[in-house]
Amino acid sequence: MRLEARDLVKSFGSTRVLAGVSFAVDAECLAIVGPSGGGKSTLLRILAGLEYPDSGEVRIAEERLAFNDAALLRHRRSVGMVFQAFNLFPHLTARRNITLPLEVVHGLSADEAHLRAEEVLARFDLAAHAGRRPAELSGGQRQRVAIARAVSFRPRLLLFDEPTSALDPEMTGEVLDLIGELRKEGARIVLVTHEIGFAREVADHALFLAEARVVESAPGRQLFDAPVSGECRKFLKRVLRY
Amino acid sequence: MTIVTEPRGLRAWWFAPRRGPVPGRVFAFQIVLAVLLVTGLLVAVFTGLAHYRWNWEPVWGYREKFARGWLMTVGLASASLVLSTGIGFLAAVSQRARLLPVRALGTVYVELVRSTPLLVQSLVLYFGVFPVLGLSSPFLSGVLILSLFAGAYIGEVMRAGIEGVGTSQREAAAAVGFTTAQMYRHVILPQALRHIVPPLAGQFASLIKDSSILSVIAIREFTLSVTEVRSLTYSAFEAYLPLALGYFLMTFPISLWARRLEQRFRYET
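Worth saying up front: this structure is predicted, and the values here are computed from it rather than measured. (Residues numbered from 1 in each chain as written. Chains lettered and ligands numbered in written order. Predicted model: local features only at pLDDT ≥ 70, side-chain atom pairs only at ≥ 80, totals over all residues.)

**Some thoughts on the overall build of chain A**
Convention followed: We count a stretch as a helix when DSSP gives it H or I for four or more residues in a row; a strand needs E for two or more, and each element gets its number in order from the N terminus. In this scheme every C-beta is placed from the backbone, and a residue whose C-beta has 20 or more other C-beta atoms within 10 Å is buried, one with 12 or fewer is exposed, and one in between is partly exposed. Here, residue contact means that the backbone-derived C-beta atoms of the two residues sit within 7 Å.
Along chain A, the regular secondary structure elements total nine helices and ten strands. Overall, the C-alpha framework of chain A stretches about 55 × 45 × 35 Å when taken along its three principal axes. Taking all 242 residues of chain A together, 44% fall into the buried category. Partitioning the contacts of chain A with sequence separation of at least 6, the portion at a separation of at least 24 is 67%.

**Regarding the interface of chain A and chain B**
As a measure of interface size, the accessible area lost when the parts come together is often cited. Rule in force here: Three categories are distinguished: nonpolar for Ala, Val, Leu, Ile, Met, Phe, Trp, Tyr, Cys and Pro, charged for Asp, Glu, Lys and Arg, and polar for the others, with Gly belonging to the last.
With 18 residues of chain A at the interface, the matching set in chain B holds 17 residues. Within the residue set of the side of chain A that touches chain B, elements represented by two or more residues are helix H2 (69-76) and helix H3 (94-104) of chain A. A breakdown of the residues in the side of chain A that touches chain B according to their chemical character gives twelve nonpolar, two polar and four charged.

**A look at the environment of Met-171 of chain A**
Residues and elements named next belong to chain A. For Met-171, the position within the fold is in helix H6 (residues 169-184). Since 18 C-beta atoms lie within 10 Å of it, Met-171 is described here as partly exposed. Separated by 28 residues in the primary sequence, Met-171 and Gln-143 place their C-alpha atoms 9.1 Å from one another.

**Overview of the nonpolar core**
Just so we agree on the cut-off: Only buried Ala, Val, Leu, Ile, Met, Phe, Trp, Tyr and Cys residues enter a nonpolar core, and they are joined through C-beta atoms within 7 Å. Here the bounds of each domain stem from an automatic or database domain assignment.
Counting residues in hydrophobic clusters, the biggest one holds 119 residues, and the most contacted among them are Ala-31, Ile-32, Leu-43, Leu-159, Val-190, Leu-191 and Ala-206 of chain A. Residue contributions to this core peak at twelve residues, all from helix H6 (residues 138-164) of chain B. Split by domain, this core shows at least three residues from each of two domains, domain 1 (2-78 + 158-239) and domain 2 (92-155) of chain A.

**Notes on the domain arrangement of chain A**
Residues and elements named next belong to chain A. Each assigned domain of chain A is listed with its residue range as follows: domain 1 (2-78 + 158-239) and domain 2 (92-155). The distance between the C-alpha centroids of domain 1 and domain 2 comes to 25 Å. Tallying the contact residues gives eleven residues for domain 1 and eleven residues for domain 2. Examining the composition of the side of domain 1 that touches domain 2, we find that five residues originate from one element, H6, more than from any other.

**Details of the sheet that holds strand S6 (residues 79-82) of chain A**
Residue and element names in this part refer to chain A. We apply this condition: Strand pairing is defined by DSSP finding a minimum of two bridges between the two strands. Helix axes are fitted only over the stretch in contact, all axes being lines through C-alpha atoms; the angle between N-to-C directions runs from 0 to 180 degrees.
Spatial strand order, S6-S7-S8-S3-S9-S10: six strands in an open sheet with mixed pairing. Because the sheet does not close on itself, it has two edges, and the strands there are S6 and strand S10 (213-219). In this sheet, adjacent strand axes meet at a mean angle of 15° when their direction is disregarded. In this structure, S6 lies alongside strand S7 (residues 157-161), joined through four bridges in parallel fashion. Bridging from a neighbouring strand, Val-79 pairs with Leu-157 of S7.

**What to know about H3 of chain A**
Taking burial as the measure, the eleven residues of H3 of chain A include eight buried ones, the bulk of the element. Among the residues making up H3 of chain A, those that are buried are Ala-94, Arg-95, Asn-97, Ile-98, Thr-99, Leu-100, Pro-101 and Leu-102 of chain A. Packing partners of the buried residues in H3 of chain A comprise helix H4 (110-123) and helix H5 (139-152) of chain A together with helix H8 (180-210) of chain B.

**Considerations on the packing of H3 of chain A against H5 of chain A**
All names here are of chain A. Just so we agree on the cut-off: Note that the term roughly parallel is reserved for angles under 35 degrees, roughly antiparallel for angles over 145, roughly perpendicular for angles of 65 to 115, and oblique for everything else. Crossing chirality is assigned from the near helix's rotation relative to the far helix, an anticlockwise turn below a right angle marking it left-handed and a clockwise turn marking it right-handed.
Where H3 contacts H5, the two axes come as close as 9 Å, and the packing angle between them is 20°. Taken together, the axes of H3 and H5 are roughly parallel relative to one another. With respect to the hand of their crossing, H3 and H5 are arranged in right-handed fashion. Facing Ala-94, Asn-97, Ile-98, Pro-101 and Leu-102 of H3, the residues of H5 in contact are Val-145, Ala-148, Arg-149 and Ser-152.

**Thoughts on the pairing of S10 of chain A**
Residue and element names in this part refer to chain A. Examined bridge by bridge, strand S9 (residues 205-210) and S10 share six bridges and lie antiparallel to one another. The residue of S10 that forms the bridge with Leu-207 is Ser-217. Linking S9 to S10, which pair antiparallel, is a turn of two residues; within it Glu-211 sits at a positive phi near 50°.

**Focus: the packing of H3 of chain A against H4 of chain A**
All names here are of chain A. Here H3 crosses H4 at 135°, and the two axes come no closer than 9 Å. By the angle class used here, H3 and H4 are oblique. The hand of the H3/H4 crossing is right-handed. Where H3 approaches H4, its residues Ala-94, Arg-95, Ile-98, Thr-99, Leu-102 and Glu-103 are matched on the opposing element by Ala-110, Ala-113, His-114, Arg-116, Ala-117, Val-120 and Leu-121. Looking at the contact of H3 with H4 residue by residue, the class counts come to eight nonpolar, two polar and three charged.

The structure is reproduced here in structure tokens:
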């Protein structure tokens, strides 16, 4: 899938979060890495249709993303987003978290939605927890429910915003395994992560974002194994030290 | 060695556990005691009115008037509860509207209502505004006056509840593709409700009691009926005690209902 951004600019107040971000990649799984505050999450949120850029252009599969409310709503309904803080609906059970958008947004009948939810929950080993509310689930289980919700409506693209940053190492493993599986099954993914080792495994293209710009963009493992820029080399050395 | 000792035996009827809930029958027992205490105090005060000669007979003769007034207030309050909730919701969402004139109107309405007395509002609306609009039904006037008044307070309660639902929830709702209306219906309101219900019940009780103000604009509701009975019979407490009891019978069920609702919306976050 071809993903392009041209001169994306975004400021919050006087802070410039994206200062002319451009890239054009052909990737089934794009990893975005870089130091905190470098603009990764904002870029992902623009790709998800959750944020308006101040200027610039985004193309997904050769199709230009129109930045108006109606078009972005359509766009959001075609992509699945997974957040760092899970963002499940706390008043609803795991199952209802999945069936509600299926019924309300995607027009499935209650029965169809129920079947679909049972199917994804079973696949992600969550069948036993279907009737529980988020507060009754572990962090790893919550994130897996969030992923189940995101894939349940068969989106054309899955977006992950640091999906394991709020999890302990064991739960991180269980969530990364799941993302790896989705990848093997052919899901198209854009992944913002601090898990460099995992990004190296799954990504077929990687962007290094720092100080509001794309510093380096390279296919496959090249960016991780042979970084060209000094900044990227320094960053990788820092995060891989321990 | 046990360090924290929970109250046992007789003490358990008088002290709350350091941790965990108070057993239901223990608290019920204490409620009964408190009610007895308050009743006892009231009885003592009234029997202390040595010069007061109790005479229930003339008042009893007007029991139908009591009932009609009470039912009128129940009708006014019920209609106003519904209408003020609607107005309150509009006041709450209007203050979040992107269209600024709507937002400004919402703010002006809330501030205007909250900074003037209900009595003054009643007089101005009933004798000034409504005649100009050709509205002459006292019942409808009463409902409108109460609803416009309570709507401002209910609106602020709702706004606080709505704003208490975090941005991450709005973001999640947007991400799964909800429209704004769907987000309110399925995500914001269900979560706001459990924070709104306790103060909302208080507002509802206030609304019912505030309806007594309408007695000044010739709506024969409960308070006016009872005032009339009082002047017809030259009695005082024989009229006012049933008046207090009559309002209690309207507001207390709302408190009970609110507590049950609170239980229903309870979930951990």
